[in-house]
Amino acid sequence: MQRLDIEKWDVDESRELYSWDKWGEGYFHVNDKGNIEVTPTQDGNAVDLYEIVKTLVGRGVEVPVLIRFDGIIQDRLRKISSAFQEAVNLYSYQSDYRHVFPIKVNQQKHVIDTIRAAGLGKRSGLEVGSKPELLGILALPDDGDSLFLCNGYKDEEYIELALLSRKLGKRTIVIVEQLYECQLILSVAERLGIEAEVGFRMKPSVKGSGRWASSGGDFAKFGLSTHELLIAWKFFSEAGKSDWIKLLHFHIGSQLSSIIPFKKTLAEAAHFYTELAKKCPKLEFFDVGGGLGVDYDGSKTVSDSSMNYTIEEYARDIVYTVGSICKENGVKQPVLISESGRALVAHHSILVTEVIDVSKYDAPVLKLDKPPSDHDLLEDLYQMYHSLTPQNCLEGLHDAHYVKEQILEKFIHGGLSLEERAYVEQVYRNVLVKVHSFYDELEDAHDDIVRLSELLVDIYFCNFSVFQSLPDSWAIQQLFPVMPIHRLAEPPDRKAKIVDLSCDSDGTIERFISQDGPVSSIQLHQFQPHEPYYLGIFLVGAYQEALGGLHNLFGDTNAIHVDMHDDGTWRFKNLIEGDTIREVLQYMQYDPHELSTQLHQVIENALRKGIMTDQEAFMIKKKYKASMENYTYLVV
Ligand SMILES: *Cc1c(COP(=O)(O)O)cnc(C)c1O
């Protein structure tokens, strides 16, 4: 159990606690003012996140707001590409590396634009997994050099559009994931008179590691078994189109926490490649899919939220394995592709939320009056509370629990007043807080007392929705780093859990990173009611936006891109306003015109019945109308 020394607190203590130096990949620091600073390109130019938020709020952009640093995407792409470039040089690999961004990881147009603008040498390609994704990027201008990979389940329309995109100058490769697609590709291509390029997605027999391990292995949802792959090859050969086969692809799941199973899959796939290359003269690309991890908790371990390897090791493994296996087999070394999505965009977005209220766990500790009645059990409980000492507190805790249960039993059977019950709840709570206060003095605290410290934490109510902005925190208990973005030179002496605006008990953050592994509470600063207190939720740039839902009709948050210049100045680019109440209602098929007609009718009825005045009618109409155009979150 971590105990904080609140007496001598400075930024170093905060760093120890929130460990941004471990998970932040060098993008986050804290300045002299105790505010988080972001250095997107790690060249020393920094921007104060708290200042950004204050400026935004001053200009009427409300919190929660998603702040995106385009520079971080650029820097990540540079890192991934240069890791591969260095490995290519190191092993004298006879071909090169191309990055392809799988747009399902973040389809936001500005994110795609940033990635396309950021390529190092050759521009990043794009990968789509559905028709909507295909249509989203089909019309982007292209020079024919960057790859366009089409995955996912496909119908005739999907294949028509994918093949037609080649007429726009795109280098489109249709990846066969299911056998039926071969026939469709061939017949559509012949009908349209287009020469196709295809890839095969294989099913590696080795499973990956981490939460998405089932994306690989013999029973994976996608990909061709060896038998099917041979049928597909034969199908194209017999049609005289074996030259169309250009690429071999596998994907063994996202967030690979351990590199070990990946090495094995690589060797398997590389041998697959050399075998296939002997049958397909134009085979040219080896695509390792996604999976490159993000160290969300900074632990550098094989925990689900971490990874036990670096980007450099990952790149070297790929280049070395494919290079040597091709050499042994006398096969030309292919162009290497990785579809790293998470590792590219996770770091660039920070969700900033504001604390709106706090419920302190020890607030009910009042000087207790004598019991409101002379009920024996109430008197017992009262005495128990007063006689608690560090020596008897464990026993006292058990006794108090027993007596409380007895009293509640009485209430259920009608033998107790509301005042008496309220009193019991209050004393019991005080007992817990008092026992807990002895915790620091106890040499070897019993588990029951240790557990109290998980129970007795403040609740910080924050202006955001877990379901909209952090779906993976709710759905798969993924860890995201959370910390205040200012006041980091002050001691955070409250222990808290974070609760969102939704009316759902799952709408909380109850797992936080710490040096000792995940913990159920976070240290935060005292909340001062009239001073804004902002929390940042970091590394949310991958998957969270498209997966987010409208629970309680909390819509998309505001989002803003921050662009840094070489001279260290920054500017806001692309404000993307969050959903208004009108918009989220429309998603649910409410017609705003109809709603206002309805409102008008019920107002008329109320006026006729005399339960409303003209002035009240005016007020409700006006407020209703204005509210429709407002943000779905609280206006603080
Ligand atoms: C989802 C997906 C990716 C991205 O995986 P990351 O782990 O985010 O890098 C890459 N390729 C394919 C085929 C995918 O389905």
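Residues numbered from 1 in each chain as written. Predicted model: local features only at pLDDT ≥ 70, side-chain atom pairs only at ≥ 80, totals over all residues. Heavy atoms only, no water.

Caption draft 1: The sheet that holds strand S10 (residues 245-249), seen in detail. Ordered in space as S5-S6-S7-S8-S9-S10-S11-S12, the 8 strands form a closed barrel in which the pairing is parallel. Neighbouring strand axes in the sheet, compared pairwise and without regard to direction, differ in orientation by 25° on average. Taken together, the 3 bridges between strand S8 (residues 171-176) and strand S9 (residues 198-201) define a ladder with parallel strand orientation. Paired with Ile-175 across the two strands is Gly-199, which belongs to S9. (Pairing = 2+ DSSP bridges. Helix = DSSP H or I, 4+ residues; strand = E, 2+ residues; numbered from the N terminus. Axes fitted to C-alpha atoms, helices over the stretch in contact; angles between N-to-C directions.)

Caption draft 2: Spatial organisation of the packing of aromatic side chains. Inspection of every chain in the model, using the stated rule, returns 23 aromatic pairs. Ring geometry for Tyr-153 against Phe-222: centres 5.1 Å apart, planes inclined by 40°, an arrangement best described as tilted. Placement of Tyr-153 in the loop between strand S7 (147-150) and helix H7 (156-164) and of Phe-222 in the loop between S9 and helix H9 (226-238) is noted, with a sequence separation of 69 residues between them. The exposure class assigned to Tyr-153 is partly exposed, which follows from its relative accessible area of 43%. Aromatic side chains Trp-570 and Phe-572 sit 5.0 Å apart centroid to centroid with 70° between the ring planes, which places their arrangement in the edge-to-face category. When its relative accessible area of 28% is taken as the criterion, Trp-570 is described as partly exposed. Feature note: the residues Phe-84, Tyr-97, Phe-250, Phe-262, Tyr-273, Phe-286, Tyr-309 and Tyr-314 constitute an aromatic cluster, connected by ring pairs. The residue whose ring lies beneath Lys-154 is Tyr-158, and the NZ or CZ to ring-centre distance is 5.9 Å. (Phe/Tyr/Trp six-rings, centres within 6.5 Å; stacked < 30°, edge-to-face > 60°. Buried < 20%, exposed > 50% of the residue type's maximum accessible area, 1.4 Å probe, protein only. Lys NZ or Arg CZ within 6 Å of the ring centre and 35° of its normal.)

Caption draft 3: Layout of helix H6 (residues 131-138). Buried within H6 we find Glu-133, Leu-134, Ile-137 and Leu-138. Seen along its axis, H6 keeps its buried residues to an arc of 130°; they face one direction. Exposed and oriented more than 90 degrees from the buried face of H6 are Pro-132 and Gly-136. On its buried face, H6 is in contact with strand S6 (125-128), S7 and H7. (Arc of directions from axis to C-beta. Contact = heavy atoms within 4.5 Å.)

Caption draft 4: The state of the cysteines, seen in detail. Evaluation of the coordinates by the stated rule reveals 0 disulfides. With no disulfide partner, Cys-182 has as its closest neighbouring cysteine sulfur the one in Cys-280, 11 Å distant. (Disulfide = S-S within 2.5 Å.)

Caption draft 5: The arrangement of the pairing of S6 in detail. Alternating positions in S6 separate into two faces, Gly-125 and Glu-127 on one and Leu-126 and Val-128 on the other, with burial throughout. Sheet analysis places S6 next to S7, joined by 3 bridges and oriented parallel. From the neighbouring strand, Glu-127 faces S7, where its bridge partner is Leu-149. One crossover worth recording links S6 to the parallel S7 by way of H6, and it is right-handed. (Right-handed = clockwise from strand over helix to strand, strands pointing away.)

Caption draft 6: Structural view of the nonpolar core. Core analysis: the biggest nonpolar cluster contains 145 residues, and Ile-67, Phe-69, Phe-200, Phe-262, Phe-286 and Phe-538 have the highest contact counts within it. For Phe-69, the contacting residues outside a window of four places in its chain are Val-38, Pro-40, Val-47, Leu-49, Ile-52, His-348, Ile-350 and Val-562. (Core = buried A, V, L, I, M, F, W, Y, C linked by side-chain atoms within 4.5 Å.)

Caption draft 7: Spatial organisation of the sheet that holds strand S2 (residues 36-38). Read across the open sheet, the 3 strands follow the order S1-S2-S3; overall the sheet is antiparallel. Every interior strand has two partners, whereas the edge strands, strand S1 (28-30) and strand S3 (47-48), have only one.

Caption draft 8: Highlighting a nonpolar patch on the surface. Taken together, the side chains of Leu-90, Tyr-91 and Tyr-320 present a nonpolar region at the surface, about 310 Å² in accessible area. Relative to the helices and strands, Tyr-91 is located in the loop between helix H4 (70-90) and strand S5 (97-102). (Patch = residues over 30% accessible without salt bridge, like charges linked within 9 Å, V, L, I, M, F, W, Y side chains within 5 Å. Areas by Shrake-Rupley, 256 points an atom, 1.4 Å probe, with all protein chains shown as cover. Salt bridge = Lys/Arg side-chain N within 4 Å of Asp/Glu carboxyl O.)

Caption draft 9: Structural detail: the domain arrangement of the chain. Domain boundaries assigned for the chain yield domain 1 (94-347), domain 2 (376-453) and domain 3 (582-629). Each of domain 1 and domain 3 has a C-alpha centre, and the two are 53 Å apart. (Domains from an automatic or database assignment.)

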